[in-house]
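This is what each chain is made of:
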Amino acid sequence: MTTPTTPTLETLAKGDVVARETRRFTRDSLVRYAGASGDFNPIHYNDAFAREVGLPSVIAHGMLTMGTVIAPVLDWLGDPGRLVSYETRFTRPVEVPALGGVDIDIEAAVGLVTPEEGTARIDITASVDGHKVLTKCRAVVRLA
């Protein structure tokens, strides 16, 4: 694994891809996250309950999804303290099958560089099987 290079205003341009990664959720991931977060809503572990409330099956926690999607950007930054803001909208639930898992494809690209503020907006695409699970997913980062 290489040490990330600190991004600078001089090295970034709109459209540059700064991170591309696939992360996997399994039912074990959901159990571990539930324990860490205290969110034991049955939609995250009980198929019958999830279907009863109108979901297709068990779904990943929204905050687990959001945290997972920003992780490659934080790795690229090298210092999570340089994250100024992060926002998204949830567009479709991430269904997690009982066996195996589900892959979330993540790509982060520079959407805007603001030299006068020393920041860049990073636009993030998160999808499962080609379908976006988040929209308006963006982070503002402080550059060197």
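Calculation criteria
Residues numbered from 1 in each chain as written. Predicted model: local features only at pLDDT ≥ 70, side-chain atom pairs only at ≥ 80, totals over all residues. Heavy atoms only, no water. Core = buried A, V, L, I, M, F, W, Y, C linked by side-chain atoms within 4.5 Å. Buried < 20%, exposed > 50% of the residue type's maximum accessible area, 1.4 Å probe, protein only. Helix = DSSP H or I, 4+ residues; strand = E, 2+ residues; numbered from the N terminus. Contact = heavy atoms within 4.5 Å. Salt bridge = Lys/Arg side-chain N within 4 Å of Asp/Glu carboxyl O. UniProt positions renumbered as here; feature names shortened; annotations may be inferred. Arc of directions from axis to C-beta.

### A short note on the nonpolar core
Generally speaking, nonpolar side chains in soluble globular proteins are found buried as a group.
Then comes step 1: By size, the foremost hydrophobic cluster in this structure holds 33 residues, and its most contacted members are V69, V94, I122 and I124.
Then comes step 2: When residues of this core are traced back to their parent elements, those giving at least two are β1 (17-25), α3 (62-77), β3 (102-114), β4 (119-128) and β6 (134-142).
Then comes step 3: Leave out the neighbours within four places in its chain, and V69 touches Y86, I104, I106, I124, A126, L134 and C137.

### Quick notes on the pattern of salt bridges
Then comes step 1: Counted under the stated rule, the structure contains 7 salt bridges.
Then comes step 2: When the shortest N-O distance is used, the salt bridge between D47 and R27 registers 3.0 Å. Placement of the pair is D47 in helix α2 (residues 47-52) and R27 in helix α1 (residues 27-37), with a sequence separation of 20 residues.
Then comes step 3: Salt-bridge contacts for E87 lead to R138; the nearest nitrogen and oxygen are separated by 3.4 Å. One end of the pair, E87, is in strand β2 (residues 83-90); the other, R138, is in strand β6, and 51 residues separate them in sequence.
Then comes step 4: With a relative accessible area of 27%, R138 lands in the partly exposed category.
Then comes step 5: When salt bridges with common partners are traced through the structure, they connect E21, R23 and D75 into a single cluster.

### Details of the UniProt feature "domain: MaoC-like" (unreviewed entry) in the protein
Then comes step 1: As annotated by UniProt and renumbered to match this structure, "domain: MaoC-like" (unreviewed entry) occupies residues 14-103.
Then comes step 2: In residues 14-103, the share of helix is 37% and the share of strand is 21%. The end C-alpha atoms are 27 Å apart.

### Comments concerning unusual backbone geometry
Then comes step 1: Of note in this structure, D129 is not a glycine but carries a positive phi near 50 degrees.
Then comes step 2: Structurally, D129 can be placed in the loop between β4 and β5 (131-132).
Then comes step 3: According to the relative accessible area criterion, D129 is exposed, its value standing at 67%.
Then comes step 4: Unlike most non-glycine residues, K136 shows phi in positive territory, near 45 degrees.
Then comes step 5: You can see K136 is positioned in strand β6.

### Details of α1
Then comes step 1: Listed in full, the buried residues belonging to α1 are R27, L30 and A34. What you see down the axis of α1 is that its buried residues fit within an arc of 55 degrees, all on one side. Counted as exposed and oriented over 90 degrees from the buried face of α1: D28, R32, G35 and A36.
Then comes step 2: On its buried side, α1 packs onto α2 and α3.
Then comes step 3: Backbone geometry just downstream of α1 places G38 in the positive-phi region, at approximately 85 degrees.

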